[in-house]
Amino acid sequence: MVDRNPLLTSIIANKAREGVMKRTKGKYPAPLEALDILVRSPRTATKKSLRAEVEATARLATGSVCKSLISIFKGTEAAKRLGRGPDGEAAPRIDRAAVIGAGVMGGAVASLLAEKGVTTRLSDLSPDALDTALFEHRKVIGTKLKRRRLARHRADEALDHLDVTRDGSGLARSQIVIEAVAERLDVKQAVFGKLAEVLADDAILATNTSSLSVDAIAEGLPNPERVCGMHFFNPVRKMPLVEIIRGSRTDEKVVRAVAALAVRMGKYPVIVADVAGFLVNRILGPYLDEALRLFEEGADPARVDRLLEDFGMPMGPFLLLDEVGFDIAAHAAQSLHEAYGARMTPTKALDGLLKQDRLGKKTGLGFYVHGTIQKGKRKGKPARPTLAEDLPVFKRSGEATALTDDVIVDRLVLAMVAEGARCLEEKVVAGPAELDLATVMGTGFAPFTGGLMRYADSRTPAALAERLRELAGSSAIASRPGGPERFAPCTLLLEHAEAGRGFHG
Ligand SMILES: NC(=O)c1ccc[n+]([C@@H]2O[C@H](COP(=O)([O-])OP(=O)(O)OC[C@H]3O[C@@H](n4cnc5c(N)ncnc54)[C@H](O)[C@@H]3O)[C@@H](O)[C@H]2O)c1
């Protein structure tokens, strides 16, 4: 009936198109092409329909989006091979792990390890933290069982594979210890120091630190070559990336074993040098700070978020700041500033907002209102948080009104591109393909672009260098501390611009 009724067909087609546009924002052409062919096919001869299909496929397969998605796919395949040695030999299998710290990160890491068949002992000083972690583990596994994502015997094994300890007993046979305790050097060193006394000499000590140096944590420990970073992102189960941080003394075999474990946990590992912010947070830092600068200049956060979502980010920077939490964001910004100086100078924009009851989503209030807060507890969850009404009034004058959509997007995205280029120059990651994968999997950077550096290539380094200089010279950026430095193109970018080639060659 639908086939024969053009009105009905057109209504259904429009609805379907609306659905596709909502999900893809028109950035992925394949579903729209498929829909068009489907809608036309009942009124088109089979041969003509088939030809249309062939032509559309050829067009899509040679288009830039397809090439970008294939390059990301290749990146994921390469990441899965990181656990293998130069001759393709697999890293020794890890079957017994310990996780120290049963908070937000440690609890989830331990749960995932247990689900993937690794016998895991979770240790925390707080019985409440252990109870919560066990409760969450049972809940996740129970839900998976109910939704048939796990067979009954697998669910039973996942529950059996996790046990907990309050006094740190029963950890001696662990092949790897992943610590996720408080973000303090002395606490982390003390935890590893104590464990080193009971563990085998070759047991791996992995830290989930997000801002401390792996080398500093390894300092003074026996066999520092077995220390490395295993940086998960929050929420652990959802975020597909794990940064494997190679300290200056970390053994290659340790890096491979940890990468193999990450792959077994269903993650994509990327190997990163032991630099402040590692890779993803180092690139995100200037992006988030630049968003706050725009806010300071009078830009409306909702407008900025909408523009960045239209660009292809999963959420805009202000919503992301709410997700991360103002306290964590301010702490990360400060440590980037200490490490990199002027170009990471943090704005004071958050200072007025940073209060115990306003830290972002976790308190129900940040740039947005995330739900009704009653007696300190968040109730209800609106489909999309609404912009808070008590934000300092946007000046809507001077520079802010002159901010075009292009300038807003470029200030944010090119702040990341400039930092990404510096990371390649300093060899923080193996190359642009690894960096692209990390940005797509770690920040959700628009996958249809192929990742940050492929996006940079699409604009050409020569054009980028010019645009960066233009931004650096604009009055809002030129007049603030560290502004010009943030947008200064690095030597590698200038070399590519000079040679007329992209980061990917
Ligand atoms: N939360 C994030 O978004 C995030 C993301 C990536 C990395 N990290 C890093 O992960 C680590 C943990 O962060 P979190 O957010 O899970 O913290 P958290 O505060 O939720 O949990 C820390 C847990 O460690 C326990 N603990 C503290 N000292 C201990 C000790 N000596 N022995 C055993 N347990 C101890 C605490 O009781 C607490 O339960 C930090 O290094 C943090 O920087 C956090």
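Just above sits the structure.
A few points on the structure. Values in this document were obtained by computation on a predicted structure and should not be read as measured data.

### Some points on the pairing of strand β6 (residues 227-232)
Successive residues of a regular strand alternate their side chains across the two faces of the sheet. Of all 6 residues in β6, 6 are buried; the element is thus mostly enclosed. Note: strand β5 (residues 204-207) against β6, 3 bridges, orientation parallel. Counted as the bridge partner of A206 is C228 from β6. The pairing of β6 with strand β7 (residues 241-246) spans 4 bridges and is classified as antiparallel. Within the sheet, the bridge partner assigned to F232 lies in β7 and is V242.

### Some remarks on the pattern of salt bridges
Overall, the coordinates contain 34 salt bridges when judged by the stated rule. Across the pair D95 and R264 runs a salt bridge whose closest N-O atoms are separated by 3.7 Å. Taken together, the positions of D95 in the loop between α4 (64-80) and β1 (96-100) and R264 in helix α10 (residues 252-264) put the pair 169 residues apart, joining distant regions of the chain. Among the ionic pairs, R282 bridges to E419, the shortest N-O distance being 2.8 Å. With a gap of 137 residues between them, R282 in helix α11 (residues 280-296) and E419 in helix α16 (residues 405-425) connect regions that are remote in the sequence. The pair formed by R282 and E419 is uniform in burial state, with each residue classed as buried. One continuous salt-bridge network, built from bridges that share partners, spans D289, E290, R293, E297, R411, R480 and R486.

### Topic: the sheet that holds β7
Strand order in the open sheet formed by 8 strands is β3-β2-β1-β4-β5-β6-β7-β8, and the pairing between neighbours is mixed. Each edge of the open sheet is held by one strand with a lone partner, namely β3 (162-165) and β8 (268-273). Averaged over neighbouring strand pairs, the angle between their axes works out to 25° when direction is ignored. Note: strand β4 (residues 176-179) against β5, 4 bridges, orientation parallel. If you follow V177 over to β5, its bridge partner there is L205. Strands in contact with α10 are β4, β5, β6, β7 and β8; relative to β7, the strand with the most contacts, it is inclined by about 170°.

### Section: the side chain of E33
Along the chain, E33 turns up in helix α2 (residues 29-40). Using a relative accessible area of 19% as the deciding quantity, one classes E33 as buried. Those residues within four positions of E33 in sequence are excluded, and the remaining contacts are A56, R59 and L60.

### Re the site of the ligand
Taken together, 20 residues lie around the ligand, and M105, D124, E183, K188 and S210 are the ones closest in. With respect to the ligand, the backbone of M105 contributes an N or O atom lying 2.8 Å from an oxygen atom. Secondary structure elements with two or more residues in the shell around the ligand: α5 (104-115), α8 (185-198) and β6. Its residues placed into classes, the shell around the ligand shows 9 nonpolar, 8 polar and 3 charged.

Reading the values: rules and limits
Residues numbered from 1 in each chain as written. Predicted model: local features only at pLDDT ≥ 70, side-chain atom pairs only at ≥ 80, totals over all residues. Heavy atoms only, no water. Buried < 20%, exposed > 50% of the residue type's maximum accessible area, 1.4 Å probe, protein only. Helix = DSSP H or I, 4+ residues; strand = E, 2+ residues; numbered from the N terminus. Pairing = 2+ DSSP bridges. Salt bridge = Lys/Arg side-chain N within 4 Å of Asp/Glu carboxyl O. Axes fitted to C-alpha atoms, helices over the stretch in contact; angles between N-to-C directions. Contact = heavy atoms within 4.5 Å. Near = heavy atom within 4 Å. Polar contact = N/O pair within 3.5 Å; in protein donor to acceptor, adjacent residues only side chain to side chain. Nonpolar A, V, L, I, M, F, W, Y, C, P; charged D, E, K, R; others polar.

These results come straight from atomic positions and should not be treated as a statement about function.
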